[in-house]
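Now for the letters of each chain:
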Amino acid sequence: MQESGWEYAIVHPHDRAQVLAKRLGELVTNTVFHTMDITGPVVLISDLHLTAEDPSGLECFEAFTRHLHGVDQLYILGDLFEYWVGDDSAEALGLTGVCTALKRLHESGTPITLMTGNRDFLLGQDFCKSTGCHLLQEPAEEEISGHLILLQHGDKLCTDDINHQRHRAIVDQPSWRETFLNKSFSQRQSLAQAGRSQSEAGKRYKSADIMDVNHAAVENALLNSRCSLLIHGHTHRPGIHVITFENRTAWRIVLGDWTAGPSYVCVAPERLDLYFEGRCLSLSQSEEDHTLGVHHDA
Ligand code: MN
């Protein structure tokens, strides 16, 4: 497995990114894009925060999945939904269209691997069975297009946010989940709504650094794995970061959220592209030597 020799290329402006940005603009005005082609054998997304309160987001996701027919695999790294209160509630939450889009993609021959996030941590086996998704526990080491990649939603790397970690530890307990899922739909929904407004209010008082990843947590995660590539979401700070520690070089690729349209990573054998906000950042493998370098690929 080739894990060294990555080159870091900031690709801006980028033809395909500009095409994508234009298509997204059209999508916002309800013109479904029809020529956007998503290439790359494996596609990863996260942090869509889909909810019936934002119909354009649902439409955007459904259009996106139609462009994925033919990719080798789709990974969803958490927070597909803004919130989730149990696998029996897709219809009540107005989210059956999302389920249908996933099912259609799965039936067209694209396997879908799903990791839950801190918003939709209650997604379970019933949801996966009905949509054809395979549920993946985090952190996971996956071989993707020939690269061994560490996958995580990302919130567990934000260890400076003590309150969030405390909350996560509680809701991760099987007994908490069982008690919650045994409540009626309307009870569960009002608890979820209360949790959402609490989290929004909390964010206003937290510094930006607290809500980003902790570098020691990232290094630990990589040290405990065999990977030199880490892909995660959650922070809504898309980018590609180089990390050097203990004579190792690793790369942290952060997916964006979908407030400005789709953000996704394409992983091919020879390159990795991150799309967000009409831009594209690429990691590519050097052909001649294995040193790292920056090159602009306009
Ligand atoms: Mn999240």
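Residues numbered from 1 in each chain as written. Predicted model: local features only at pLDDT ≥ 70, side-chain atom pairs only at ≥ 80, totals over all residues.

Here's the deal with the overall build of the protein
Now for step 1: The helix and strand inventory of the protein stands at 8 helices and 13 strands.
Now for step 2: Relative to its full complement of 298 residues, the protein shows a buried share of 34%.
Now for step 3: In the protein, of all internal contacts separated by at least 6 residues, the share reaching a separation of at least 24 is 72%. (Helix = DSSP H or I, 4+ residues; strand = E, 2+ residues; numbered from the N terminus. Buried ≥ 20, exposed ≤ 12 C-beta atoms within 10 Å, placed from the backbone. Contact = placed C-beta atoms within 7 Å.)

Notes on helix α3 (residues 96-107)
Now for step 1: Over its 12 residues, α3 extends 16 Å from the first C-alpha to the last, a length consistent with the 16 Å expected when each residue adds 1.5 Å.
Now for step 2: Residues Val98, Leu102 and Leu105 constitute the buried set of α3. The arc that holds the buried residues of α3, viewed along the axis, is 65°, so those residues lie on one side.
Now for step 3: As for α3, its buried residues are in contact with α2 (55-66), β3 (73-77), β4 (112-115), α4 (125-131) and β5 (133-135).
Now for step 4: Positive backbone phi, at 110°, marks Gly109, one or two positions downstream of α3. (Expected span 1.5 Å × (residues − 1). Arc of directions from axis to C-beta.)

Looking at the environment of Arg168
Now for step 1: If you trace the backbone, Arg168 turns up in helix α5 (residues 162-171).
Now for step 2: A sequence separation of 12 residues divides Arg168 from Lys156, and the C-alpha atoms of the two residues are 8.5 Å apart.
Now for step 3: Every residue in contact with Arg168, bar those within four places of it in the chain, is listed here: Asn118 and Asp155.

Considerations on the sheet that holds strand β6 (residues 140-144)
Now for step 1: Strands sit in the order β6-β7-β8-β10-β9 across an open sheet of 5 strands; the sheet is mixed. Each edge of the open sheet carries a strand with a single partner, namely β6 and β9 (239-245). Taking the axes of each pair of neighbouring strands and ignoring which way they run, one obtains an average angle of 30° across the sheet.
Now for step 2: Pairing between β9 and strand β10 (residues 248-254): 7 bridges, direction antiparallel. (Pairing = 2+ DSSP bridges. Axes fitted to C-alpha atoms, helices over the stretch in contact; angles between N-to-C directions.)

Quick notes on the confidence of the model for the protein
Detailed reading of predicted coordinates is not advised where the pLDDT is low.
Now for step 1: Across the protein, the average pLDDT comes to 84, with 82% of residues at 70 or higher.
Now for step 2: Low confidence marks residues 1-36, where pLDDT is under 50. Its contacts with residues over four positions away, or in another chain, come to 69 contacts.
Now for step 3: A low-confidence stretch, residues 289-298 stays under pLDDT 50, and its non-local contacts, those more than four residues away or across chains, total 20 contacts. (pLDDT = per-residue confidence, 0-100.)

Some remarks on the nonpolar core
Now for step 1: Leu44, Leu229, Leu230, Ile231, Ile253 and Val265 are the most contacted members of the largest nonpolar core, which totals 62 residues.
Now for step 2: Not counting chain neighbours up to four residues away, the residues in contact with Leu230 comprise Leu150, Val218, Ala221, Leu222, Ala250, Arg252 and Ile253. (Core = buried A, V, L, I, M, F, W, Y, C linked by C-beta atoms within 7 Å.)

Comments concerning the packing of α2 against α3
Now for step 1: Packing of α2 against α3 leaves a shortest axis separation of 10 Å and a crossing angle of 5°. By the angle class used here, α2 and α3 are roughly parallel. Between α2 and α3, the residues in contact are Leu58, Phe61, Glu62 and Thr65 and Gly97, Val98, Ala101 and Leu105, respectively.
Now for step 2: Residue composition of the contact of α2 with α3, by class: 5 nonpolar, 2 polar and 1 charged. (Parallel < 35°, antiparallel > 145°, perpendicular 65-115°, else oblique. Nonpolar A, V, L, I, M, F, W, Y, C, P; charged D, E, K, R; others polar.)

Looking at the environment of Ala101
Now for step 1: Along the polypeptide, Ala101 turns up in helix α3.
Now for step 2: On the basis of neighbour count, Ala101 is assigned to the partly exposed category, with 19 C-beta atoms found within 10 Å.
Now for step 3: For the pair formed by Ala101 and Glu62, sequence separation is 39 residues and the distance between their alpha carbons is 5.8 Å.
Now for step 4: Sequence-distant contacts of Ala101, defined by excluding residues within four places in its chain, comprise Phe61, Glu62 and Thr65.

What about the environment of Cys158?
Now for step 1: Relative to the helices and strands, Cys158 is located in the loop between β7 (147-152) and α5.
Now for step 2: You can call Cys158 buried: it has 21 C-beta atoms within 10 Å.
Now for step 3: Remark: the alpha-carbon pair of Cys158 and Asp212, spanning 54 residues in sequence, is separated by 5.7 Å.
Now for step 4: Aside from chain neighbours lying at most four places away, what touches Cys158 is His164, Met211, Asp212, Val213 and Asn214.

Describing the pairing of β10
Looking down a regular strand, the side chains alternate between one sheet face and the other.
Now for step 1: The element β10 is largely enclosed, with a buried count of 5 among its 7 residues.
Now for step 2: When strand β8 (residues 229-232) meets β10, the two strands line up parallel, connected through 4 bridges. Within β10, the residue paired with Ile231 across the bridge is Ile253.

Let's talk about helix α8 (residues 215-223)
Now for step 1: Every buried residue belonging to α8 is among Val218, Ala221 and Leu222, and all of these are buried. Along α8, the residues classed as buried sweep out an arc of 95° about the axis, all on the same side. Looking at α8, the residues exposed on the side facing more than 90 degrees away from the buried face are Ala216 and Leu223.
Now for step 2: Check the buried side of α8 and you find it contacts β7, β8, β9 and β10.

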